[in-house]
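Coordinate analysis (summary)
The primary structure of each chain is shown beneath.
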Amino acid sequence: MGYGLLKGKKGIIFGALDNRSIAWKVAEKCAEEGAEIILTNAPVALRMGGIKELGEKLNAEIIPADVTVMEDIENLVSTAKSKFGGIDFVLHSVGMSPNVRKGRDYTNLNYEFYHKTLDISAMSLHRLLQTCYKLDALNEYASVIALTYIAAQRTYTGYGDMAEAKAMLESIARSFGHHYGKHKNVRVNTISQSPTVTTAGSGVEGFEDFISNADKLSPLGNATAEECANYCVSMFSDLTRKVTMQNLFHDGGYSSMGAAE
Ligand code: NAI
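Residues numbered from 1 in each chain as written. Predicted model: local features only at pLDDT ≥ 70, side-chain atom pairs only at ≥ 80, totals over all residues. Heavy atoms only, no water.

Concerning the site of the ligand
Applicable threshold: One heavy atom within 4 Å of a molecule or strand is enough for the residue carrying it to be called near that molecule or strand. Polar contact is the term for a pair of N or O atoms within 3.5 Å; when the atoms are in protein, one must be able to donate a hydrogen and the other to accept it, and sequence-neighboring residues count only if both atoms are side-chain atoms. We get accessible surface area from the Shrake-Rupley algorithm with a probe of 1.4 Å; when it comes to residues, only the shown protein chains can shield them.
Near the ligand you find 27 residues, and of these Ser21, Asn41, Lys166, Thr196 and Thr198 are the closest. Contact between the ligand and Ile22: an oxygen atom at 2.9 Å from a main-chain N or O atom of the residue. In the environment of the ligand, an oxygen atom lies 2.8 Å from a nitrogen or oxygen atom belonging to the side chain of Asn41. For the ligand, the protein covers 93% of the area, taking 820 Å² as the surface of the free molecule.

Set out below in structure tokens:
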């Protein structure tokens, strides 16, 4: 039973691949809180993952879109605008590094892959926001959230070029948050989530150590995907209307810790 926090709101959710995906949990929570949603993912992910099952369960339309393809994003945003009238929230839950996936060390990056990492994982947020801006697709006080990781601020062996992608993603959220805030009171924030067992997360070398070290250091322990979904709901709701241009740590206190016994 939800609280009806998103009653009457309409949103787009990127990045639900399978039932471990953070976006999957966010979609379920948003529906539980009364929102109507459109799900989207890359065409290849739609063929591989279980998103159809989620769409049926939540009665949500699925619109394929590769975040690196301008026409796909334009089609997605304009279809959502015609269906909904206006959009109240968007979750950007997209990340991929071909360098990390192929196990390339940070001192031996392939630069075409590097481009792809930045395009998929960071520039896509700009492409999405710019498209919404030009098509005037977001409603007043709409809320846009992108998921990020603390490797944007600190170095983690194995996170590779995704560290730069996350730093850029957070910067885009601040910069566009400024423009879209002035223009239409739209909020743009990033949520910096604890390491979480998902397909993207497990691709990072030494991921098990990331998880257990973070869990030990955080006074409240690691935040789960479900807890992240609850936080996203609060950020999409009207209870957080003046929160914008922030990188919000959702990590059980990990980011403020030094050493612990
Ligand atoms: P996931 O693998 O379930 O989600 C990543 C999604 O990105 C997938 O649905 C994938 O299909 C999509 N994607 C990749 N390339 C795409 C493209 N070209 N066009 C459209 N979609 C594309 O993994 P997870 O962990 O749920 O990741 C979601 C977000 O959370 C990512 O931004 C990730 O970096 C971030 N995050 C994850 C953490 C973790 O430990 N799992 C920790 C902090 C942040």
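Observations regarding the pattern of salt bridges
Threshold: When a carboxyl oxygen of Asp or Glu lies within 4 Å of a side-chain nitrogen of Lys or Arg, that pair is called a salt bridge. We count a stretch as a helix when DSSP gives it H or I for four or more residues in a row; a strand needs E for two or more, and each element gets its number in order from the N terminus. Residue exposure (1.4 Å probe, protein chains only): buried if accessible area is under 20% of the type maximum, exposed if over 50%, otherwise partly exposed.
Taken as a whole and judged by the stated rule, the model has 8 salt bridges. In this structure, Lys9 engages Asp238 in a salt bridge whose closest nitrogen and oxygen atoms are separated by 3.0 Å. Remark: Asp238 occurs in the loop between α10 (225–236) and β7 (247–250) and Lys9 occurs in the segment before β1 (10–14); sequence separation between them is 229 residues. Residue Asp238 is classed as partly exposed on the basis of its relative accessible area, which comes to 40%. In this structure, Lys184 engages Asp136 in a salt bridge whose closest nitrogen and oxygen atoms are separated by 2.8 Å. Within this pair, whereas Lys184 is found in helix α7 (residues 162–184), its partner Asp136 is found in the loop between α6 (111–134) and β5 (138–148), the two being separated by 48 residues in sequence. A single salt-bridge network, built from bridges that share partners, covers Lys9, Asp238 and Arg241.

Topic: the sheet that holds strand β6 (residues 187–193)
Operational definition: Two strands qualify as a pair provided DSSP detects at least 2 bridges between them. A fitted line through C-alpha atoms serves as each axis, taken over the contacting stretch for helices, and the angle formed by two N-to-C directions is quoted from 0 to 180°. Contacts: residue pairs with any heavy atoms within 4.5 Å of one another.
Here we have 7 strands laid out as an open sheet, ordered β3-β2-β1-β4-β5-β6-β7, and parallel in their pairing. Of all the strands in the sheet, just β3 (61–64) and β7 have a single pairing partner and so form its edges. With direction set aside, neighbouring strand axes in the sheet form an average angle of 20°. Both β6 and β7 contribute to a ladder of 4 bridges, which runs parallel. Following the sheet pairing, Gln193 is matched in β7 by His250. Where helix α3 (residues 51–58) meets the sheet, it contacts β2 (36–41) and β3, and its direction lies at approximately 175° from that of β2. Where α10 meets the sheet, it contacts β4 (87–92), β5, β6 and β7, and its direction lies at approximately 165° from that of β6.

Looking at the side chain of Thr131
Mapped onto the elements, Thr131 comes out in helix α6. Those residues in contact with Thr131 that sit more than four places away from it in its chain are Met70, Ile73, Glu74 and Val77.

Re the packing of helix α1 (residues 22–32) against α3
Threshold: Orientation labels follow simple angle bins: below 35 degrees gives roughly parallel, above 145 gives roughly antiparallel, 65 to 115 gives roughly perpendicular, and whatever is left gives oblique.
Packing of α1 against α3 leaves a shortest axis separation of 11 Å and a crossing angle of 5°. Taken as axis vectors, α1 and α3 run roughly parallel relative to one another. Residue-level inspection shows Trp24, Ala27, Glu28 and Ala31 of α1 in contact with α3, the latter providing Ile51, Glu53, Leu54, Lys57 and Leu58.

What to know about the packing of α1 against α10
Note the cut-off: Crossings are sorted by hand: turned counterclockwise from the far helix by less than a right angle, the near helix makes the crossing left-handed, and turned clockwise it makes it right-handed. Classification convention: Asp, Glu, Lys, Arg as charged; Ala, Val, Leu, Ile, Met, Phe, Trp, Tyr, Cys, Pro as nonpolar; all other residues, Gly among them, as polar.
Remark: α1 packs on α10, axes separated minimally by 8 Å, with the N-to-C direction vectors making an angle of 50°. When the interaxial angle is binned, α1 and α10 end up oblique. Like other packed secondary-structure pairs, α1 and α10 cross with a definite hand, here right-handed. Counted together, Ile22, Lys25, Val26, Lys29 and Cys30 of α1 and Ala225, Glu226, Cys228, Ala229, Asn230, Cys232, Val233 and Phe236 of α10 form the full contact between these two elements. For the contact of α1 with α10, the class distribution of residues is 9 nonpolar, 1 polar and 3 charged.

A word on the layout of surface pockets
This is how the line gets drawn: Grid spacing is 1 Å over the protein atoms alone, the probe is 1.4 Å, and a cavity is where that probe fits but cannot get out, while a pocket is an open set with protein on both sides within 12 Å along at least five of seven lines and lining residues have an atom within 4 Å of a point. Grid points are joined across faces, edges and corners, and a volume is the space filled by probe spheres set on the points.
Space inside the largest pocket adds up to approximately 1300 Å³. Together, 42 residues line the largest pocket, and Ser93, Val94, Gly95, Met96 and Ala200 are the ones closest to its centre. Among the secondary structure elements, those contributing two or more residues to the lining of the largest pocket are β2, α2 (43–48), α5 (98–101), α6, β5, α7, α8 (199–202) and α9 (207–217). Split by residue class, the lining of the largest pocket holds 22 nonpolar, 16 polar and 4 charged. Volume-wise, the second largest pocket comes out at about 340 Å³. Taken together, 19 residues make up the lining of the second largest pocket; nearest its centre are Tyr106, Thr157, Gly158, Tyr159 and Gly160.

Let's talk about the packing of aromatic side chains
Our working rule: Only centres within 6.5 Å qualify two rings of Phe, Tyr or Trp (six-membered ring in Trp) as a pair; their planes then separate them into stacked at under 30 degrees, edge-to-face at over 60, and tilted for everything else.
Following the criterion strictly, the structure yields 10 aromatic pairs and no others. Look at Tyr133 and Phe176: their rings are 6.0 Å apart centre to centre, the planes differ by 65°, and that puts the pair in the edge-to-face class. Taken together, the positions of Tyr133 in helix α6 and Phe176 in helix α7 put the pair 43 residues apart, joining distant regions of the chain. Given a relative accessible area of 9%, Phe176 falls into the buried group. Pairing Phe176 with Tyr180 gives two aromatic rings, centres 6.0 Å apart and planes at 45°, and the pair type is tilted. Separated by 4 residues within a single helix, Phe176 and Tyr180 lie in helix α7, roughly one turn from each other. Take Tyr180: its relative accessible area is 0%, and that puts it in the buried class. Pairwise contacts between aromatic rings join Tyr149, Tyr156, Tyr159, Phe207 and Phe210 into one cluster.

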